[in-house]
Amino acid sequence: MNLELAYPELLRSRVLVPGVLQFWGMEFDAPALDHHTLMIPHHADEAGQLFELESRFAKYDAFPTDPGRNTEAKMVEFLRTAKDMRHKPLVIAHHVSRSATGLGVYGQDTPREFRNGNNDAPDVYVGFEGSPGHQADPLIGRARGGYRGHPTYGGFDQMTARVGGLWDSLLGEGRRWWITATSDSHVHWTRGGSDFWPGEYSKTHVYARQDYADIMDGLRNGRIWVGTGDLITRLDLTVTGRHGGAAMGGTLVLGRRDRDQVDIEIRFRPARGENAGGRRPEVRRVDLIAGQVTGPGSSLDADTNPTTEVVARFGPRDWRRQGHDHVIRYTLRDVGTDLYVRVRGTSTDEAEPLADGLESPWDDLWFYSNPVFVEAR
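Small disclaimer: the values here were computed from a predicted structure and weren't measured.

Attention now goes to the overall build of the chain. Assigned secondary structure in the chain consists of seven helices and 18 strands. Computed over C-alpha atoms, the radius of gyration of the chain comes to 20 Å, within 12% of the 21 Å expected from 2.2 N^0.38 for 377 residues, which places it in the range of a compact globule. Oriented by its inertia axes, the alpha-carbon framework of the chain measures out at about 60 × 45 × 45 Å. Taking all 377 residues of the chain together, 54% fall into the buried category. Of the contacts made within the chain by residues no fewer than 6 positions apart, 72% connect residues no fewer than 24 positions apart.

Written out as structure tokens, the structure is:
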């Protein structure tokens, strides 16, 4: 169906809307796991590439059903096949804790599987959704994101939202593991579904030219920040030493004589005018989060990084206006170990994102950067 019906429609759409770059891909039924993005680079045989991967590895694609396709071994085979392709796709896990039954009590997707997949294909299997789709669920009286076993936190999955949790555990191993946000739009909430239109509420922002290859490269290498409700429209996180600097997804290398001072700049641009919910949200706080990078641990099941903490919180009195942007500066001193820094911000007064109930998603907005790494040599 994808090859014979959907792909011709994509080609037609590219002609009708040439200003929008439209990738070929799918929500993939990953073996032994929940749904994943399978995103194909733009090239002449993109349709054939997706057809090959889907027909060989999607767990429900075989007829009659083959239980052997729904195994961790099959997922490993899929990732190794994708890694060896000339045009490497991207694979990103969806709604990773939707089947969890408690905080740290995971369901279909587990830390071990993420680590194993990233070990096998580090430039293909590059992350998971920080903020899952189906964010309009509370507007029709349902659990946000469809997370009925254990809730999201500020619209973000527990694996991302918990400071020192699984995402920080992966980053603390030095993994280049990124978060994204998707709409997962099936049916709009005003038409009987539980979704917003694509981009109406959740957005993944990629630093790239208006170019297929550069966008793919930005996603693969973490030049990404995510936000909900258009709380902000731009976010820059830069880390600078005496002899260089790095931005989101990048790495700053410090020499022995450069460790005494590392300067951090957070620059964000508030939305101008109303968002799609008819509100004018304001940023109430921005948090700078840092954790040590200590390398791979002894357990594939680890889901904490005890070194990660909020090192500074900033309110409106702490930033200064520079044109349309707000700018925050902070200095880390005596950096003696490898580390990473990341940023989040919110429209709420919550020190940490609270477990979500049926509050309107428009009143609970957050943004998250991906990390910048610092290597102290």
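Another aspect to go through is the sheet that holds strand S2 (residues 36–40). Spatial strand order, S1-S2-S3-S4-S5: five strands in an open sheet with mixed pairing. Of all the strands in the sheet, just strand S1 (24–28) and strand S5 (178–181) have a single pairing partner and so form its edges. When strand polarity is set aside, the average angle formed by the axes of neighbouring strands in this sheet is 30 degrees. This element, helix H4 (residues 111–120), spans strand S3 (90–93) and strand S4 (125–131) of the sheet and lies at about 145 degrees to S4.

One number sums up the size of the largest pocket: a volume of about 1200 Å³. Phe 23, Thr 37, Met 39, Ala 181 and Thr 182 are, among the 34 residues lining the largest pocket, the residues nearest its centre. Counting residues per element, the ones that place at least two in the lining of the largest pocket are S1, S2, S5, strand S6 (202–206) and helix H7 (212–220). Split by residue class, the lining of the largest pocket holds 15 nonpolar, 14 polar and five charged. Taken as a whole, the second largest pocket holds about 310 Å³ of empty space. Lining the second largest pocket are 17 residues, and of these Pro 270, Ala 271, Pro 281, Glu 282 and His 326 lie nearest its centre. In terms of residues, the lining of the second largest pocket owes the most to one element, strand S11 (residues 261–270), which gives three residues. A breakdown of the residues in the lining of the second largest pocket according to their chemical character gives eight nonpolar, three polar and six charged.

Turning our attention to H7. Given 3.6 residues per turn, any residue in an α-helix points the same way as the ones three and four places further on. Across the nine residues of H7, seven count as buried, placing the element largely inside the fold. Taken together, the buried positions of H7 are Tyr 212, Asp 214, Ile 215, Met 216, Gly 218, Leu 219 and Arg 220. Measuring from the side-chain oxygen of the N-cap residue of H7 to the backbone nitrogen of Ala 213 gives 3.1 Å; that N-cap residue is Asp 211. Gly 222, located one to two residues past H7, shows a positive phi value of around 75 degrees.

Right, let's get into the environment of Leu 231. Relative to the assigned elements, Leu 231 resides in the loop between strand S7 (224–228) and strand S8 (232–241). With relative accessibility at 1%, the residue Leu 231 sits in the buried group. The spacing of Leu 231 and Val 283 is 52 residues in sequence and 6.8 Å in space, taken between C-alpha atoms. For Leu 231, the residues in contact, after removing those within four places along its chain, are Pro 270, Ala 271, Pro 281, Glu 282, Val 283, Gly 345, Thr 346, Ser 347, Leu 365, Trp 366 and Phe 367.

Here we take up helix H3 (residues 72–83). Between its first and last C-alpha, H3 extends 17 Å over twelve residues, near the 16 Å set by a 1.5 Å rise per residue. Within the span of H3, buried status applies to Lys 74, Met 75, Phe 78, Leu 79, Thr 81 and Ala 82. Viewed along the axis of H3, the buried residues span an arc of 160 degrees, placing them on a single side of the element. Residues of H3 that are buried sit in contact with S1, S2, helix H2 (46–57), S3, H4 and S4.

What follows is about the packing of helix H1 (residues 2–16) against H2. It is at 11 Å that the axes of H1 and H2 come closest, and there the two elements cross at 150 degrees. Crossing hand, H1 versus H2: right-handed. Side by side, H1 and H2 meet where Asn 2, Leu 3, Tyr 7 and Arg 14 of the first sit next to Glu 46, Ala 47, Phe 51 and Glu 54 of the second. Looking at the contact of H1 with H2, its residues break down into four nonpolar, one polar and three charged.

Note that Arg 279 resides in the loop between S11 and strand S12 (285–292). Spatially, the C-alpha atoms of Arg 279 and Gly 229 are 9.0 Å apart, while their sequence positions differ by 50 residues. Apart from the residues within four sequence positions on either side, Arg 279 is in contact with Gly 273, Glu 274, Ser 360, Trp 362 and Asp 363. A polar atom in the side chain of Arg 279 sits 3.2 Å from the side chain of Asp 363.

Attention now goes to the side chain of Asp 325. Mapped onto the secondary structure, Asp 325 falls in strand S15 (residues 325–333). Polar contacts involving the side chain of Asp 325 include one to the side chain of Arg 269, which spans 2.6 Å. If we skip the residues at most four places from it in the chain, Asp 325 touches Arg 234, Arg 267, Phe 268, Arg 269 and Arg 320.

What follows deals with the packing of aromatic side chains. By the definition in use, this model includes 17 aromatic pairs. An angle of 65 degrees between the planes, with centres 5.4 Å apart, marks the rings of Phe 114 and Phe 128 as edge-to-face. Here the residue Phe 114 occupies a position in helix H4, and Phe 128 occupies one in strand S4, the gap between them amounting to 14 residues. You can call Phe 114 buried: its relative accessible area is 1%. A relative accessible area of 0% places Phe 128 in the buried class. For the ring pair Phe 314 and Tyr 330, a centre distance of 6.1 Å and an interplane angle of 75 degrees mean the geometry is edge-to-face.

Reading the values: the criteria
- Residues numbered from 1 in each chain as written.
- Predicted model: local features only at pLDDT ≥ 70, side-chain atom pairs only at ≥ 80, totals over all residues.
- Heavy atoms only, no water.
- Helix = DSSP H or I, 4+ residues; strand = E, 2+ residues; numbered from the N terminus.
- Rg over C-alpha atoms; globule rule 2.2 N^0.38 Å.
- Buried < 20%, exposed > 50% of the residue type's maximum accessible area, 1.4 Å probe, protein only.
- Contact = heavy atoms within 4.5 Å.
- Pairing = 2+ DSSP bridges.
- Axes fitted to C-alpha atoms, helices over the stretch in contact; angles between N-to-C directions.
- 1 Å grid on protein atoms, 1.4 Å probe; cavity = no way out; pocket = protein on both sides within 12 Å on 5 of 7 lines; lining within 4 Å.
- Points joined across faces, edges and corners; volume = space filled by probe spheres on them.
- Nonpolar A, V, L, I, M, F, W, Y, C, P; charged D, E, K, R; others polar.
- Polar contact = N/O pair within 3.5 Å; in protein donor to acceptor, adjacent residues only side chain to side chain.
- Expected span 1.5 Å × (residues − 1).
- Arc of directions from axis to C-beta.
- Left-handed = near helix turned anticlockwise from the far one by under 90°.
- Phe/Tyr/Trp six-rings, centres within 6.5 Å; stacked < 30°, edge-to-face > 60°.

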